[in-house]
Amino acid sequence: LPIVGNVCEHASAIIMAFRGKMDVAIGVAVGSSIQIATFVIPLLVVISWGLNGENPPPINGKPGALDLNFHPFCTVLILVAVLVVNTVINVEYGTWITGLFL
């Protein structure tokens, strides 16, 4: 969903990176991720509640409503991703390995 929905933002981030404007490219990429995390995911949860009820038990193999109760492994992965992006943004210089991390 985020990749397809924000193709223009990703394209502009890549173009800015090729032009050497890394601050703009990272700003676009991080801004897009924040937009998905703070708006789209909670919106999908609310839509799921409207379609499936508040939190019904699974019926005939169909899952219930979405919630924001993430598995601990997913929570650790999100934390690691945040730490990597924070480290890349706060370092004053970039190398090929930092680009590989992104």
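Residues numbered from 1 in each chain as written. Predicted model: local features only at pLDDT ≥ 70, side-chain atom pairs only at ≥ 80, totals over all residues. Heavy atoms only, no water.

### Structural notes on the overall build of the protein
Counting its regular elements, the protein contains 5 helices and 0 strands. Of all 102 residues assigned to the protein, the portion counted as buried reaches 12%. Considering only contacts in the protein between residues 6 or more positions apart, those separated by 24 or more positions represent 28%. Element-wise, carbon and sulfur atoms account for 72% of the exposed surface of the protein, whose accessible area totals about 8200 Å². (Helix = DSSP H or I, 4+ residues; strand = E, 2+ residues; numbered from the N terminus. Buried < 20%, exposed > 50% of the residue type's maximum accessible area, 1.4 Å probe, protein only. Contact = heavy atoms within 4.5 Å. Areas by Shrake-Rupley, 256 points an atom, 1.4 Å probe, with all protein chains shown as cover.)

### Things to note about a nonpolar patch on the surface
Judged by side-chain polarity, Phe 39, Leu 43, Leu 44, Ile 47, Leu 51 and Leu 66 come together as a nonpolar surface patch covering roughly 580 Å² of accessible area. Examined against the element boundaries, Leu 66 turns out to sit in the loop between α3 (22–52) and α4 (72–90). (Patch = residues over 30% accessible without salt bridge, like charges linked within 9 Å, V, L, I, M, F, W, Y side chains within 5 Å. Salt bridge = Lys/Arg side-chain N within 4 Å of Asp/Glu carboxyl O.)

### Quick word on the confidence of the model for the protein
Mean pLDDT over the protein stands at 77; residues scoring 70 or higher make up 76%. Averaged over each element, pLDDT in the protein is lowest for helix α1 (residues 2–5) (63) and highest for α4 (86). (pLDDT = per-residue confidence, 0-100.)

### Here's the deal with helix α2 (residues 7–18)
The periodicity of an α-helix, 3.6 residues per turn, causes residues three or four places apart in sequence to face the same way. In a regular helix each residue adds 1.5 Å, so 12 residues correspond to 16 Å; α2 covers 17 Å between its end C-alpha atoms and thus fits that length. Downstream of α2 by a residue or two, Gly 20 has a phi angle that is positive, lying close to 90°. (Expected span 1.5 Å × (residues − 1).)

### A short note on the environment of Met 22
By secondary structure assignment, the location of Met 22 is in helix α3. Met 22 sits in the partly exposed class, given a relative accessible area of 41%. In the structure, Met 22 is positioned 67 residues away from Ile 89 in sequence and 10.0 Å away in space, judged by C-alpha atoms.

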